[in-house]
Amino acid sequence: MKASLEDLTPKARQTRTALIQAGKALIGREGVASVNVMTLCAEANVGRTSFYNYFDDVDVLTATVAIEAAADIKARFDHQHAQRPRGRERLRRCLAMILSLADSDPDMVMLLTSLAQTQPGIGELIEAEIVTELRAEPPDNGSDTELLARYLTVATMALVRQLASGALPLDGINQYLTYLMKACD
């Protein structure tokens, strides 16, 4: 970002926020690769030159969107995990929270899953949460913790995207969660 947030006028903050919101919407709907300055500005309803007052290029805006999305999901994890001991039950709650986003916040799901394809930090954040819980209570079947965490991350992200896009019925969330947790048995 070229200008410090503290130095921006209220109008400038509004414009910057509109660009970030447009980036979130476009990335969620169409993926990172389809986002360019023209489509961002059209979605945000701002002039093209305004974009360059706040961001050097689309990659900088995408990184900003990814940082905000990661902070959001991390805050959701922290809220979900408050006062709960590490282990399987916490893992189940973590996966349930991610899957339930398909119903409560499908736009966030579409954004996260699109970003996870190009921004390693998003998938790594989810995988790190899963690894931590698996290490606290290792799988009964002797599975490799890191490999199992990778599987659970990929499977959960694929499921939640299909749920959010309507390709799978939302009333199956508990059943999908049961299938995911069986991998830990």
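Source: prediction; values computed, not measured.

Parameters at a glance
- Residues numbered from 1 in each chain as written.
- Predicted model: local features only at pLDDT ≥ 70, side-chain atom pairs only at ≥ 80, totals over all residues.
- Heavy atoms only, no water.
- Phe/Tyr/Trp six-rings, centres within 6.5 Å; stacked < 30°, edge-to-face > 60°.
- Buried < 20%, exposed > 50% of the residue type's maximum accessible area, 1.4 Å probe, protein only.
- Axes fitted to C-alpha atoms, helices over the stretch in contact; angles between N-to-C directions.
- Helix = DSSP H or I, 4+ residues; strand = E, 2+ residues; numbered from the N terminus.
- Parallel < 35°, antiparallel > 145°, perpendicular 65-115°, else oblique.
- Left-handed = near helix turned anticlockwise from the far one by under 90°.
- Contact = heavy atoms within 4.5 Å.

### Concerning the packing of aromatic side chains
Logical step 1: By the definition in use, this model includes 2 aromatic pairs.
Logical step 2: Ring centres of Phe51 and Tyr52 lie 5.1 Å apart, and the angle between their planes is 85 degrees; on these two criteria the pair is classed as edge-to-face.
Logical step 3: According to the relative accessible area criterion, Tyr52 is partly exposed, its value standing at 31%.
Logical step 4: For the pair Phe51 and Phe55, a centre-to-centre distance of 5.7 Å together with 35 degrees between the ring planes defines the contact as tilted. In this pair, the class of Phe51 matches that of Phe55, namely buried.
Logical step 5: Connected via pairs of aromatic rings, a cluster forms that spans Phe51, Tyr52 and Phe55.

### Some remarks on the packing of helix H5 (residues 88-104) against helix H9 (residues 173-182)
Helix packing geometry: the angle between the two helix axes and the distance between the axes.
Logical step 1: The N-to-C vectors of H5 and H9 enclose an angle of 140 degrees; their axes lie 10 Å apart at closest approach. Between H5 and H9, the interaxial angle falls into the category oblique. In the crossing of H5 with H9, the sense of the turn from one axis to the other is right-handed. Residues Arg88, Leu91, Arg92, Leu95, Ala96, Leu99 and Ser100 of H5 pack against Ile173, Tyr176, Leu177, Leu180 and Met181 of H9.

The quantities given are spatial measurements derived from coordinates; they are silent on function.
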